[in-house]
Amino acid sequence: MKASPIAPTVDFDRDGVQHGYLRLPYSRDESAWGNLMTPVTVVKHGNGPTALLTGANHGDEYEGPVALVDLAATLDPKDVTGRVIILPFMNYPAFRAGRRLSPIDGANMNRIFPGRPDGTVTEKIADYIQRALVPMADLVLDFHSGGRTLDFLPFAASHILADKAQEARCREARDAFCAPYAMSMLEIDAVGMFDTAVEEAGKVFVTTELGGGGTSSARTNAIAKRGVRNVLKHAGILEGAIEHAPTVLLDMPSSDCFVFSESEGLVEFMVDLGHDVRAGDVVARVFPTSRTGAPPVEYRSKLDGLFTARHVSGLIGMGDCLAVTATVAPT
Ligand code: CA
(Lines give C-alpha, C1' and ligand atoms only; values in the text may rest on other atoms or scores of the structure.)
Protein backbone atom coordinates (compact mmCIF):
# COMPACT_ATOMS: atom_id res chain seq x y z
CA MET A 1 0.00 0.00 0.00
CA LYS A 2 1.24 3.49 -0.84
CA ALA A 3 2.17 5.95 1.89
CA SER A 4 -0.48 8.51 2.82
CA PRO A 5 0.07 11.95 1.24
CA ILE A 6 -1.14 13.53 4.51
CA ALA A 7 1.52 15.04 6.78
CA PRO A 8 0.43 16.04 10.30
CA THR A 9 1.89 19.28 11.70
CA VAL A 10 1.60 17.83 15.22
CA ASP A 11 3.74 15.14 16.90
CA PHE A 12 1.34 12.55 18.30
CA ASP A 13 4.02 11.27 20.70
CA ARG A 14 4.83 14.61 22.36
CA ASP A 15 3.49 15.53 25.79
CA GLY A 16 1.45 18.74 26.13
CA VAL A 17 -1.18 20.42 23.97
CA GLN A 18 -0.68 20.90 20.24
CA HIS A 19 -3.16 22.54 17.89
CA GLY A 20 -2.20 21.86 14.28
CA TYR A 21 -3.35 20.37 11.03
CA LEU A 22 -3.48 17.29 8.91
CA ARG A 23 -1.94 18.77 5.76
CA LEU A 24 -3.06 17.19 2.49
CA PRO A 25 -1.56 18.49 -0.78
CA TYR A 26 -4.52 19.66 -2.86
CA SER A 27 -3.54 21.27 -6.16
CA ARG A 28 -6.36 23.20 -7.79
CA ASP A 29 -7.12 26.25 -9.92
CA GLU A 30 -7.11 28.62 -6.94
CA SER A 31 -3.88 27.29 -5.41
CA ALA A 32 -1.36 25.42 -7.56
CA TRP A 33 0.73 24.11 -4.67
CA GLY A 34 -2.06 24.38 -2.12
CA ASN A 35 -3.07 22.11 0.72
CA LEU A 36 -6.23 21.11 2.52
CA MET A 37 -5.57 21.93 6.19
CA THR A 38 -7.79 19.89 8.53
CA PRO A 39 -7.55 21.13 12.15
CA VAL A 40 -6.43 18.61 14.76
CA THR A 41 -5.58 18.85 18.47
CA VAL A 42 -3.47 16.41 20.47
CA VAL A 43 -3.42 16.50 24.26
CA LYS A 44 -0.98 14.03 25.81
CA HIS A 45 0.31 13.45 29.30
CA GLY A 46 2.36 10.39 30.17
CA ASN A 47 1.36 6.85 29.40
CA GLY A 48 -2.20 5.68 29.21
CA PRO A 49 -4.98 4.95 26.77
CA THR A 50 -5.65 6.97 23.63
CA ALA A 51 -9.08 8.32 22.69
CA LEU A 52 -9.79 9.49 19.14
CA LEU A 53 -12.71 11.97 19.13
CA THR A 54 -14.27 12.89 15.79
CA GLY A 55 -17.00 15.22 14.55
CA ALA A 56 -18.36 16.41 11.19
CA ASN A 57 -17.92 13.01 9.57
CA HIS A 58 -21.01 14.45 7.90
CA GLY A 59 -20.47 18.18 7.44
CA ASP A 60 -23.96 19.39 8.43
CA GLU A 61 -24.04 17.86 11.95
CA TYR A 62 -23.00 20.26 14.70
CA GLU A 63 -23.10 18.88 18.26
CA GLY A 64 -19.82 17.00 17.74
CA PRO A 65 -17.93 19.98 16.34
CA VAL A 66 -19.26 22.24 19.15
CA ALA A 67 -18.31 19.81 21.93
CA LEU A 68 -14.92 19.04 20.39
CA VAL A 69 -13.75 22.60 19.68
CA ASP A 70 -14.80 23.45 23.24
CA LEU A 71 -12.84 20.47 24.57
CA ALA A 72 -9.80 21.28 22.43
CA ALA A 73 -9.76 24.84 23.79
CA THR A 74 -10.13 23.83 27.45
CA LEU A 75 -8.54 20.40 28.03
CA ASP A 76 -5.51 20.75 30.30
CA PRO A 77 -2.79 18.10 29.81
CA LYS A 78 -2.22 17.86 33.53
CA ASP A 79 -5.77 16.46 33.84
CA VAL A 80 -5.04 13.80 31.19
CA THR A 81 -3.56 10.34 31.63
CA GLY A 82 -2.69 9.11 28.16
CA ARG A 83 -3.67 10.88 24.98
CA VAL A 84 -6.68 12.59 23.41
CA ILE A 85 -6.70 13.16 19.64
CA ILE A 86 -9.44 15.63 18.66
CA LEU A 87 -10.57 15.88 15.03
CA PRO A 88 -13.66 18.12 15.21
CA PHE A 89 -14.14 18.31 11.42
CA MET A 90 -13.35 14.94 9.83
CA ASN A 91 -14.79 15.92 6.48
CA TYR A 92 -13.52 19.51 6.62
CA PRO A 93 -14.55 20.53 3.07
CA ALA A 94 -18.09 19.27 3.77
CA PHE A 95 -18.14 21.04 7.14
CA ARG A 96 -16.99 24.33 5.62
CA ALA A 97 -19.72 24.05 2.99
CA GLY A 98 -22.41 23.14 5.58
CA ARG A 99 -23.13 19.99 3.60
CA ARG A 100 -23.31 16.28 4.38
CA LEU A 101 -20.99 15.34 1.52
CA SER A 102 -17.72 16.81 0.34
CA PRO A 103 -18.19 19.52 -2.30
CA ILE A 104 -14.80 18.49 -3.76
CA ASP A 105 -15.57 14.94 -4.80
CA GLY A 106 -19.20 14.45 -3.74
CA ALA A 107 -18.10 11.70 -1.36
CA ASN A 108 -19.81 10.55 1.82
CA MET A 109 -17.00 10.13 4.39
CA ASN A 110 -19.03 7.49 6.21
CA ARG A 111 -19.43 5.24 3.17
CA ILE A 112 -15.85 5.38 1.91
CA PHE A 113 -13.73 3.60 4.54
CA PRO A 114 -11.03 2.24 4.38
CA GLY A 115 -10.32 4.95 1.79
CA ARG A 116 -7.35 5.06 -0.56
CA PRO A 117 -4.00 6.87 -0.36
CA ASP A 118 -4.18 7.50 -4.12
CA GLY A 119 -7.92 8.23 -4.29
CA THR A 120 -10.03 11.37 -4.10
CA VAL A 121 -9.63 13.96 -1.31
CA THR A 122 -12.23 12.24 0.91
CA GLU A 123 -10.67 8.82 0.24
CA LYS A 124 -7.23 10.14 1.19
CA ILE A 125 -8.51 11.57 4.50
CA ALA A 126 -10.32 8.30 5.31
CA ASP A 127 -7.19 6.29 4.50
CA TYR A 128 -5.10 8.47 6.84
CA ILE A 129 -7.64 8.10 9.65
CA GLN A 130 -7.83 4.34 9.06
CA ARG A 131 -4.11 3.63 8.86
CA ALA A 132 -2.56 6.36 11.04
CA LEU A 133 -5.11 7.47 13.67
CA VAL A 134 -7.28 4.41 14.40
CA PRO A 135 -4.25 2.17 15.20
CA MET A 136 -3.18 4.70 17.88
CA ALA A 137 -6.61 4.64 19.52
CA ASP A 138 -8.05 2.37 22.20
CA LEU A 139 -11.40 4.11 22.00
CA VAL A 140 -13.10 6.09 19.23
CA LEU A 141 -16.07 8.42 19.79
CA ASP A 142 -17.61 9.60 16.50
CA PHE A 143 -20.33 12.25 16.85
CA HIS A 144 -23.30 12.30 14.51
CA SER A 145 -26.63 14.10 14.38
CA GLY A 146 -29.37 14.15 11.79
CA GLY A 147 -27.96 16.83 9.54
CA ARG A 148 -30.20 18.95 7.37
CA THR A 149 -32.66 16.16 6.49
CA LEU A 150 -33.21 14.23 9.75
CA ASP A 151 -33.88 14.96 13.41
CA PHE A 152 -33.25 12.49 16.24
CA LEU A 153 -34.00 11.98 19.89
CA PRO A 154 -30.56 12.45 21.47
CA PHE A 155 -28.90 9.05 21.83
CA ALA A 156 -25.50 7.41 22.12
CA ALA A 157 -25.20 4.15 20.23
CA SER A 158 -23.22 0.97 19.98
CA HIS A 159 -23.58 -1.91 17.56
CA ILE A 160 -24.31 -5.60 17.89
CA LEU A 161 -20.94 -7.29 17.15
CA ALA A 162 -19.79 -10.86 16.55
CA ASP A 163 -17.19 -10.46 19.33
CA LYS A 164 -19.41 -10.30 22.43
CA ALA A 165 -16.57 -9.08 24.71
CA GLN A 166 -15.89 -6.18 22.35
CA GLU A 167 -19.64 -5.51 22.08
CA ALA A 168 -19.83 -5.28 25.88
CA ARG A 169 -16.88 -2.85 26.03
CA CYS A 170 -18.55 -0.66 23.41
CA ARG A 171 -21.87 -0.79 25.27
CA GLU A 172 -20.19 0.19 28.56
CA ALA A 173 -18.53 3.21 26.92
CA ARG A 174 -21.86 4.12 25.27
CA ASP A 175 -23.64 3.98 28.62
CA ALA A 176 -20.91 6.09 30.24
CA PHE A 177 -21.77 8.87 27.74
CA CYS A 178 -25.09 9.22 29.64
CA ALA A 179 -27.17 10.53 26.76
CA PRO A 180 -30.93 10.69 27.44
CA TYR A 181 -31.27 7.58 25.24
CA ALA A 182 -28.88 4.69 24.54
CA MET A 183 -29.35 2.67 21.36
CA SER A 184 -28.34 -0.77 20.20
CA MET A 185 -28.17 0.31 16.63
CA LEU A 186 -28.97 -1.36 13.36
CA GLU A 187 -27.30 0.20 10.32
CA ILE A 188 -29.16 0.32 7.02
CA ASP A 189 -25.90 0.18 5.11
CA ALA A 190 -22.78 -0.68 7.18
CA VAL A 191 -20.34 -1.12 4.28
CA GLY A 192 -17.70 1.62 4.18
CA MET A 193 -18.69 3.14 7.51
CA PHE A 194 -16.06 4.54 9.90
CA ASP A 195 -17.93 2.60 12.61
CA THR A 196 -17.30 -0.70 10.85
CA ALA A 197 -13.64 0.12 10.18
CA VAL A 198 -12.99 0.92 13.86
CA GLU A 199 -14.92 -2.11 15.12
CA GLU A 200 -13.10 -4.44 12.71
CA ALA A 201 -9.82 -3.07 14.14
CA GLY A 202 -11.00 -4.40 17.53
CA LYS A 203 -11.38 -0.98 19.15
CA VAL A 204 -14.06 0.36 21.46
CA PHE A 205 -16.43 2.43 19.33
CA VAL A 206 -19.24 4.76 20.38
CA THR A 207 -21.32 6.92 18.09
CA THR A 208 -24.23 9.30 18.63
CA GLU A 209 -27.26 10.85 17.01
CA LEU A 210 -27.88 13.97 19.06
CA GLY A 211 -30.39 16.08 17.17
CA GLY A 212 -30.37 17.46 13.67
CA GLY A 213 -32.13 19.79 11.30
CA GLY A 214 -28.81 21.29 10.21
CA THR A 215 -28.14 23.02 13.53
CA SER A 216 -27.63 22.27 17.23
CA SER A 217 -29.35 23.42 20.41
CA ALA A 218 -28.31 24.42 23.92
CA ARG A 219 -29.74 21.13 25.20
CA THR A 220 -28.05 18.85 22.66
CA ASN A 221 -24.71 20.67 22.89
CA ALA A 222 -24.79 20.25 26.68
CA ILE A 223 -25.45 16.52 26.20
CA ALA A 224 -22.46 16.29 23.82
CA LYS A 225 -20.10 18.22 26.11
CA ARG A 226 -21.04 16.14 29.17
CA GLY A 227 -20.90 12.93 27.13
CA VAL A 228 -17.40 13.36 25.77
CA ARG A 229 -15.96 14.08 29.22
CA ASN A 230 -17.88 11.14 30.68
CA VAL A 231 -16.43 8.80 28.04
CA LEU A 232 -12.90 10.08 28.78
CA LYS A 233 -13.50 9.44 32.50
CA HIS A 234 -14.80 5.96 31.70
CA ALA A 235 -11.60 5.27 29.72
CA GLY A 236 -9.44 6.42 32.65
CA ILE A 237 -8.05 9.34 30.63
CA LEU A 238 -9.75 12.01 32.77
CA GLU A 239 -10.11 11.74 36.54
CA GLY A 240 -13.33 12.26 38.42
CA ALA A 241 -16.75 10.74 38.67
CA ILE A 242 -18.97 10.26 35.65
CA GLU A 243 -21.75 12.85 35.60
CA HIS A 244 -24.75 10.54 35.54
CA ALA A 245 -28.07 11.31 33.88
CA PRO A 246 -31.11 9.10 33.35
CA THR A 247 -30.97 7.03 30.18
CA VAL A 248 -33.72 5.09 28.39
CA LEU A 249 -32.46 2.02 26.54
CA LEU A 250 -33.68 1.66 22.95
CA ASP A 251 -33.38 -1.06 20.34
CA MET A 252 -33.63 -1.14 16.57
CA PRO A 253 -34.48 -4.84 16.24
CA SER A 254 -35.02 -5.01 12.47
CA SER A 255 -35.62 -2.99 9.32
CA ASP A 256 -39.24 -2.67 10.54
CA CYS A 257 -37.95 0.36 12.47
CA PHE A 258 -37.79 2.40 9.30
CA VAL A 259 -40.60 4.05 7.35
CA PHE A 260 -39.48 5.24 3.91
CA SER A 261 -41.61 7.52 1.80
CA GLU A 262 -43.22 5.99 -1.29
CA SER A 263 -44.65 9.29 -2.44
CA GLU A 264 -43.53 12.90 -2.62
CA GLY A 265 -45.18 15.98 -1.32
CA LEU A 266 -46.16 17.91 1.76
CA VAL A 267 -45.60 16.11 5.09
CA GLU A 268 -47.94 16.27 8.06
CA PHE A 269 -46.41 14.52 11.06
CA MET A 270 -49.05 13.05 13.39
CA VAL A 271 -46.65 12.48 16.30
CA ASP A 272 -43.56 14.25 17.59
CA LEU A 273 -40.17 12.88 18.60
CA GLY A 274 -40.18 11.08 21.93
CA HIS A 275 -43.86 10.10 21.81
CA ASP A 276 -45.09 6.54 22.17
CA VAL A 277 -46.43 4.90 19.02
CA ARG A 278 -48.16 1.56 18.46
CA ALA A 279 -47.82 -0.71 15.44
CA GLY A 280 -50.38 0.50 12.90
CA ASP A 281 -50.47 4.10 14.17
CA VAL A 282 -50.31 6.70 11.42
CA VAL A 283 -47.07 8.62 12.07
CA ALA A 284 -47.29 10.93 9.06
CA ARG A 285 -49.41 11.78 6.05
CA VAL A 286 -48.01 12.99 2.73
CA PHE A 287 -50.21 15.17 0.54
CA PRO A 288 -49.62 15.49 -3.18
CA THR A 289 -48.79 19.07 -4.12
CA SER A 290 -49.92 18.98 -7.75
CA ARG A 291 -53.61 19.60 -6.95
CA THR A 292 -56.10 20.13 -4.17
CA GLY A 293 -58.76 17.60 -3.21
CA ALA A 294 -56.55 14.49 -3.40
CA PRO A 295 -56.25 12.35 -0.26
CA PRO A 296 -52.90 12.06 1.53
CA VAL A 297 -50.86 8.84 1.64
CA GLU A 298 -50.78 7.56 5.23
CA TYR A 299 -47.61 6.10 6.71
CA ARG A 300 -47.83 3.78 9.71
CA SER A 301 -45.36 2.60 12.31
CA LYS A 302 -44.67 -1.14 11.97
CA LEU A 303 -43.64 -1.47 15.63
CA ASP A 304 -44.70 -0.52 19.14
CA GLY A 305 -42.12 1.88 20.50
CA LEU A 306 -40.83 5.41 20.70
CA PHE A 307 -40.89 7.87 17.80
CA THR A 308 -37.10 8.27 17.53
CA ALA A 309 -36.22 10.00 14.26
CA ARG A 310 -38.04 11.94 11.57
CA HIS A 311 -37.53 13.66 8.27
CA VAL A 312 -36.82 17.40 8.50
CA SER A 313 -38.32 19.95 6.14
CA GLY A 314 -41.97 20.14 5.30
CA LEU A 315 -41.51 18.52 1.91
CA ILE A 316 -40.44 14.94 1.26
CA GLY A 317 -39.20 13.02 -1.78
CA MET A 318 -39.53 9.42 -2.96
CA GLY A 319 -37.49 7.01 -0.88
CA ASP A 320 -36.60 9.54 1.85
CA CYS A 321 -36.48 8.24 5.41
CA LEU A 322 -39.74 9.54 6.87
CA ALA A 323 -39.69 8.07 10.38
CA VAL A 324 -37.94 5.65 12.72
CA THR A 325 -39.61 3.81 15.57
CA ALA A 326 -37.25 2.28 18.13
CA THR A 327 -38.45 -0.23 20.68
CA VAL A 328 -37.94 0.48 24.37
CA ALA A 329 -35.67 -2.20 25.82
CA PRO A 330 -36.87 -4.01 28.95
CA THR A 331 -35.01 -2.77 32.01
CA1 CA B 1 -24.54 11.38 10.26
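Structure's up top.
Residues numbered from 1 in each chain as written. Predicted model: local features only at pLDDT ≥ 70, side-chain atom pairs only at ≥ 80, totals over all residues. Heavy atoms only, no water.

Notes on the coordination of the calcium ion
Protein-derived ligands of the calcium ion are His-58 (ND1), Glu-61 (OE), Glu-61 (OE) and His-144 (ND1), with the metal-ligand distances lying across 2.3 to 2.7 Å. In primary-sequence terms, the residues that donate to the calcium ion follow H-x2-E-x82-H. Residue Glu-61 is found in the loop between strand E4 (50-54) and helix H1 (63-74), and its partner His-144 is found in the loop between strand E6 (139-142) and strand E7 (150-152); the two are separated by 83 residues along the sequence. Here Glu-61 matches His-144 in class, with each residue buried. (Donors = N, O, S within 2.8 Å, 3.2 Å for Na, K, Ca; no water. Helix = DSSP H or I, 4+ residues; strand = E, 2+ residues; numbered from the N terminus. Buried < 20%, exposed > 50% of the residue type's maximum accessible area, 1.4 Å probe, protein only.)

Section: unusual backbone geometry
In this model, Phe-113 is joined to Pro-114 through a cis peptide bond whose omega is 10°. With respect to the helices and strands, the residue Pro-114 is situated in the loop between helix H2 (92-97) and helix H3 (121-133). Even without being glycine, Cys-178 reaches a positive phi, approximately 60°. Position of Cys-178 relative to the elements: it lies in the loop between helix H4 (164-177) and strand E9 (181-185). Of note in this structure, Ser-313 is not a glycine but carries a positive phi near 95°. Checked against the element boundaries, Ser-313 lands in the loop between strand E17 (305-311) and strand E18 (315-316). Residue classification places Ser-313 among the partly exposed residues on the basis of a relative accessible area of 41%.

Observations concerning the packing of H4 against helix H6 (residues 218-234)
Two elements in contact, H4 and H6, have axes whose closest approach is 7 Å; the angle formed by their N-to-C orientations is 135°. With respect to H6, the axis of H4 lies oblique. For the crossing formed where H4 meets H6, the hand is right-handed. Seen from H4, the contacting residues are Glu-172, Ala-173, Ala-176 and Phe-177; seen from H6, they are Ile-223, Ala-224, Gly-227, Val-228, Asn-230, Val-231 and His-234. Of the residues in the contact of H4 with H6, the class split is seven nonpolar, three polar and one charged. (Axes fitted to C-alpha atoms, helices over the stretch in contact; angles between N-to-C directions. Parallel < 35°, antiparallel > 145°, perpendicular 65-115°, else oblique. Left-handed = near helix turned anticlockwise from the far one by under 90°. Contact = heavy atoms within 4.5 Å. Nonpolar A, V, L, I, M, F, W, Y, C, P; charged D, E, K, R; others polar.)

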